[in-house]
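The primary structure of each chain is shown beneath.
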Amino acid sequence: MNSQDINNLQNAFQYNVNLGSSPNAVSTSPTQSFMNTLPRRLSLSKQQKVLKPFSTGDIKILLLENVNQTAIANFKEQGYQVDFHKGSLPEDELIEKIKDVHAIGIRSKTKLTEKVLKHAKNLVVIGCFCIGTNQVDLEYAAKRGIAVFNSPFSNSRSVAELVIAEIISLARQVGDRSIELHTGTWNKVSNRCWEVRGKTLGIIGYGHIGSQLSVLAEAMGLHVIYYDIVTIMALGTAKQVPTLDELLSRSDFVSLHVPETPETKNMISAPQFASMKDGAYLINASRGTVVDIPSLIMAMKAKKIAGAALDVYPSEPGKNGAGLFADSLNSWTSDLVSLPNVILTPHIGGSTEEAQSAIGVEVSHALSKYINEGASVGAVNFPEVSLKALDYDQENTVRVLYIHKNVPGVLKTVNNILSDHNIEKQYSDSRGDIAYLMADISSVNQSDIKDIYEQLNNTEAKISIRLLY
Ligand SMILES: NC(=O)c1ccc[n+]([C@@H]2O[C@H](COP(=O)([O-])OP(=O)(O)OC[C@H]3O[C@@H](n4cnc5c(N)ncnc54)[C@H](O)[C@@H]3O)[C@@H](O)[C@H]2O)c1
Ligand SMILES: O=C(O)CC[C@@H](O)C(=O)O
């Protein structure tokens, strides 16, 4: 392959990207700068070939919401262009920015809706640098061949520790005493202040966070019961209860650890507060939609509920700043902030140095591996497929990444195209309507690669293609 050929090929791919029937078709080929590095790399015998099929400097990553420095360092090490922003962006700016990036990293505030993603012509992958993925239209992303990754448990411990702190703080009215003293009032009281030992903690959602919380709470002498839609092994002496109502009627403290789903919307509303014990406490560090706040306010005013700790809200500001948590954001805000024994935190459950740094490493590695090698293991909306990275000495091998509609007959069509060549390895899987095929094809020259690309690009089921070599 000479340099002119490479450039021609790249132009051909570019043509396809720009003018192909699917604007989502992504294909990449090595630039001259990358090819120039090959002879030096090839001298490293049996070293793993890092599949950077293009000048990595071409890859653009948009990082929002103060994603951790560990991620920025990792992306820069890959050679990618990083556009970093401390806050989230208003929708119109987001739409402008997302148009030409290959990857985006967000946390919980950036809404990647169908409307926004429609503008993302080059987007290959989304990284949620957090646990929750409800801010992304996962199904639409998958339909567009965009893989989404998150960090499933790197901040779970941080959330569980915050909840432990809140259980004791609510039981002892620590928040109120602190506010009073900050404003000069000495109020030494024990009325309705309790030890937590021997009380019952009811955990709703016994997943990564709920089960961590369970272990920590038992160590403080709390009895733990939990409710979950699936049967989950109890840790320690915790006990699963069959209904939400049973959990609510037996618990002194109720803590929510469910994802945002249609089923969990307003899961705790007026009837559920009515089912709770008199003087019970509610903690929500899951998602703001899970608790109906006006009902909470009513239950607290009626003294049914003795205190609440909230870390999450139906609407949250997109950036830090004074005056943002106001009635203009959520109409009930001034009512809520005037209640006694209510601890309000600005969605900081997972915000510790340990968690953020670990998430930065984990998600940036997943994104780099997907961009460089096509490996989708850990994706939350996508078939999970992986092949081991190619070695440097596997010359003239192309890796085909073919994302397609999960309809009958596609593999036959694709293998007809590939069967003219030597298929070294192939792995394919599907998830719902989407399927993903990875194949390493050896002994191919430039014209073979071009031919493979063009034939695959013309298949009816194609969603997107990338060729890595
Ligand atoms: N405040 C924060 O900073 C913060 C940090 C991390 C996670 N979160 C939130 O906490 C949620 C839980 O995190 P996790 O890591 O424990 O998730 P997880 O997926 O490990 O566990 C969630 C559990 O909830 C259960 N569940 C789902 N729907 C339910 C329902 N309708 N009723 C009862 N149980 C139900 C699931 O079966 C699962 O066991 C996340 O989805 C995220 O929204 C918040
Ligand atoms: O860091 C964030 O913005 C979100 C934290 C948390 O809600 C999560 O889903 O992990």
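Going by the structure above, here's the rest.
The rules we used
- Residues numbered from 1 in each chain as written.
- Chains lettered and ligands numbered in written order.
- Predicted model: local features only at pLDDT ≥ 70, side-chain atom pairs only at ≥ 80, totals over all residues.
- Heavy atoms only, no water.
- Salt bridge = Lys/Arg side-chain N within 4 Å of Asp/Glu carboxyl O.
- Buried < 20%, exposed > 50% of the residue type's maximum accessible area, 1.4 Å probe, protein only.
- Near = heavy atom within 4 Å.
- Polar contact = N/O pair within 3.5 Å; in protein donor to acceptor, adjacent residues only side chain to side chain.
- Areas by Shrake-Rupley, 256 points an atom, 1.4 Å probe, with all protein chains shown as cover.
- Nonpolar A, V, L, I, M, F, W, Y, C, P; charged D, E, K, R; others polar.
- Pairing = 2+ DSSP bridges.
- Helix = DSSP H or I, 4+ residues; strand = E, 2+ residues; numbered from the N terminus.
- Axes fitted to C-alpha atoms, helices over the stretch in contact; angles between N-to-C directions.

Draft legend 1. Up close: the pattern of salt bridges. All told, the structure shown has 16 salt bridges when counted by the stated rule. The shortest N-O distance in the salt bridge between E114 and K118 comes to 3.1 Å. A relative accessible area of 33% places E114 in the partly exposed class. Its relative accessible area of 44% is what places K118 among the partly exposed residues.

Draft legend 2. Region of interest: the site of ligand 2. Around ligand 2 sit R107, S108, C130, I131, G132, N155, R287 and H347, and those are all the residues in its vicinity. Note that an oxygen atom of ligand 2 is positioned 2.8 Å from one of the side-chain N or O atoms of R107. Here G132 contributes a backbone N or O atom positioned 2.7 Å from an oxygen atom of ligand 2. Look at ligand 2: alone it shows 300 Å² of surface, and the protein chains cover 91% of it. By residue class, the composition of the shell around ligand 2 is two nonpolar, four polar and two charged.

Draft legend 3. How the structure looks around the site of ligand 1. As a structural note, the neighbourhood of ligand 1 is formed by 26 residues, with H208, I209, D228, A285 and D311 the closest of them. Within the backbone of H208, a nitrogen or oxygen atom sits 2.8 Å from an oxygen atom of ligand 1. In the model, an oxygen atom of ligand 1 is placed 2.9 Å from a nitrogen or oxygen of the I209 main chain. Against a free-state accessible area of 850 Å², the protein chains account for coverage of 87% of ligand 1. Grouping the constituent residues of the shell around ligand 1 by class yields 13 nonpolar, 10 polar and three charged.

Draft legend 4. How the structure looks around the sheet that holds strand β14 (residues 422–431). Here we have four strands laid out as an open sheet, ordered β14-β15-β13-β16, and antiparallel in their pairing. Each edge of the sheet is formed by a strand with only one pairing partner; in this case those strands are β14 and β16 (462–468). Pairwise comparison of adjacent strand axes, ignoring direction, gives a mean angle of 10 degrees for this sheet. Sheet topology note: the β14/strand β15 (residues 434–442) ladder contains nine bridges and is antiparallel. Directly across from K425, in β15, lies its bridge partner D440.

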